[in-house]
Amino acid sequence: MKKLEIYIHIPFCEKKCDYCDFLSMRADEGTKREYVNGLIREIELSKDMMKGYQADTVFIGGGTPSILREDYIEKIMQTLKDNCELSENAEITIECNPGIVNLKKLETYKKSGINRISFGLQSANDSELRELGRIHDFAGFVESYKMARQAGFNNINVDIMSALPGQTPESYRDTLNKVIELNPEHISAYSLIVEDGTPMEERVEQNLVTLPDEDTEREMYYLTREIALKNGYKRYEISNYAKPGYECRHNKGYWQRVEYLGFGLGAASLYQNKRYSNVSDLNEYIGLLLDGGKDEDYYGGMVYQDDVWDIQEDTLNILHGKISTLSNKDMMEEFMFLGLRMTEGVSEKKFKMDFGRNIDAVYGEVIEKLEKQHLLERKEGRIKLTDRGVDISNYVMSEFLL
Ligand code: SF4
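In this text the structure is predicted, and so the values were computed from the model without any measurement.

Asks: I'm lost on the overall build of the protein in this one. Help?
Replies: Looking only at helices and strands, the protein features 17 helices and 15 strands. Relative to its length of 402 residues, the protein is compact, with a C-alpha radius of gyration of 22 Å against a globular reference of 21 Å. The principal-axis extents of the C-alpha atoms in the protein amount to approximately 65 × 55 × 45 Å. The burial tally for the protein puts 55% of its 402 residues in the buried class. In the protein, once contacts between residues fewer than 6 apart in sequence are set aside, the share between residues at least 24 apart is 71%. If you sum the accessible surface of the protein, you get close to 18300 Å²; carbon and sulfur atoms cover 46% of it.

See below:
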């Protein structure tokens, strides 16, 4: 059976953070309920696409999935189990925002088969959190984290961010130490990217906030590595650290180009060498999937009937929007620049297996040049970034565009 990953997007948040350009919004309870009904319908309509596959990972992300009523998550999980074969030891993650989760929710997640929690902490410094427009504080995070342990989760990720406005290496070190003290199995540490059109961008442009310069940003990157390694974590990707055996299988799958199906608003998929993203307008999404069935839902004890819902045969085609079929060239490029993100790098043998050509026949000159520049190293059939290569990884990756 072929391996598959599943992503489920929950696009709701209590408040939009000031740096966020993800597909997320505030919504009332009625909209959330309609959305979940639509999502369930989408998964059911996609049953045939999942035949012959076994899902090895599921990631319920957002937005803030933990904002939903716990029975909605239960229903989504049940729908997945009914429509797709999940592997026995599937890694099933849900993103939770500190403060927007409680013990009952966490226990329900556990019972429904979810076995990994990912918390968006970002910083242990409350004034940095306020600057980001986050609604939680560090004490609230610690409480949520302990609750997750109490509910029985033994695989927890904590997201932190560097290069924040006003952040210093000392305050970042303090965040790292406080997180590590809690002993999570996994830490994701990304730098803040100031996205166009966000309130954060406006504040940066008006010089109302100061961002750390590039050298300080690199210093924070090295701090993460130093402190994480010292405490038993291994860096397995440019920005991801895990205790042995706790690398995020879902993320690794993305970097290894495992096929994935995304369900929900704007969710992206890689399926049979095609990439596409679902429509990103909430009303369009709900309308497409629930047309004719608005008064009925799963929570009043009623289920849809096909004749009532009158779902057109091509619903999925409209939902998936523009589909790009990947050429061999696209796939080779992806193989390189996704694979090189991982510290294990890319396998020459796998390249040959996937594309029927030796890696040198395609990339020989580039690899040689980057090796000479000490940006890549080649060892035991694998090609990986050096430390210097990681520092300027954007340049290295761009060299693999054909
Ligand atoms: S919680 Fe996450 S998804 Fe929601 S607004 Fe903040 S950054 Fe965006």
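Asks: Sorry, what's going on with the site of the ligand here?
Replies: All residues adjacent to the ligand are C13, K15, K16, C17, Y19, C20, F22, S24, G63, T64, N97 and R134. Residues belonging to the shell around the ligand are distributed by class as follows: 5 nonpolar, 4 polar and 3 charged.

Asks: What am I meant to see in the packing of helix α1 (residues 29-45) against helix α10 (residues 282-290) here?
Replies: Contact geometry of α1 with α10 gives a least axis separation of 9 Å together with a crossing angle of 55 degrees. Our classification of the angle between α1 and α10 gives oblique. As for how α1 packs across α10, the hand of that crossing is left-handed. Listed contacts from α10 to T31, E34, Y35, N37, G38, L39, R41, E42 and L45 of α1 are L282, Y285, I286, L289 and L290. Looking at the contact of α1 with α10, its residues break down into 8 nonpolar, 3 polar and 3 charged.

Asks: Just checking my understanding: could you explain the nonpolar core for this structure?
Replies: In summary, soluble globular proteins display a tendency toward joint burial of nonpolar side chains. Within the largest apolar cluster, 103 residues are counted, with the highest numbers of intra-cluster contacts made by I6, I8, Y109, Y363 and F400. Residue-level mapping places this core at the junction of two domains, with at least three residues from each of domain 1 (2-255) and domain 2 (327-398). Ignoring anything within four residues of it in the chain, the contact list for F400 reads E333, M336, L340, Y363, V366, I367, L370 and L376. Listed in part, the 9 residues of the second largest apolar core include C17, L132, M161 and L164.

Parameters and conventions
Residues numbered from 1 in each chain as written. Predicted model: local features only at pLDDT ≥ 70, side-chain atom pairs only at ≥ 80, totals over all residues. Heavy atoms only, no water. Helix = DSSP H or I, 4+ residues; strand = E, 2+ residues; numbered from the N terminus. Rg over C-alpha atoms; globule rule 2.2 N^0.38 Å. Buried < 20%, exposed > 50% of the residue type's maximum accessible area, 1.4 Å probe, protein only. Contact = heavy atoms within 4.5 Å. Areas by Shrake-Rupley, 256 points an atom, 1.4 Å probe, with all protein chains shown as cover. Near = heavy atom within 4 Å. Nonpolar A, V, L, I, M, F, W, Y, C, P; charged D, E, K, R; others polar. Axes fitted to C-alpha atoms, helices over the stretch in contact; angles between N-to-C directions. Parallel < 35°, antiparallel > 145°, perpendicular 65-115°, else oblique. Left-handed = near helix turned anticlockwise from the far one by under 90°. Core = buried A, V, L, I, M, F, W, Y, C linked by side-chain atoms within 4.5 Å. Domains from an automatic or database assignment.

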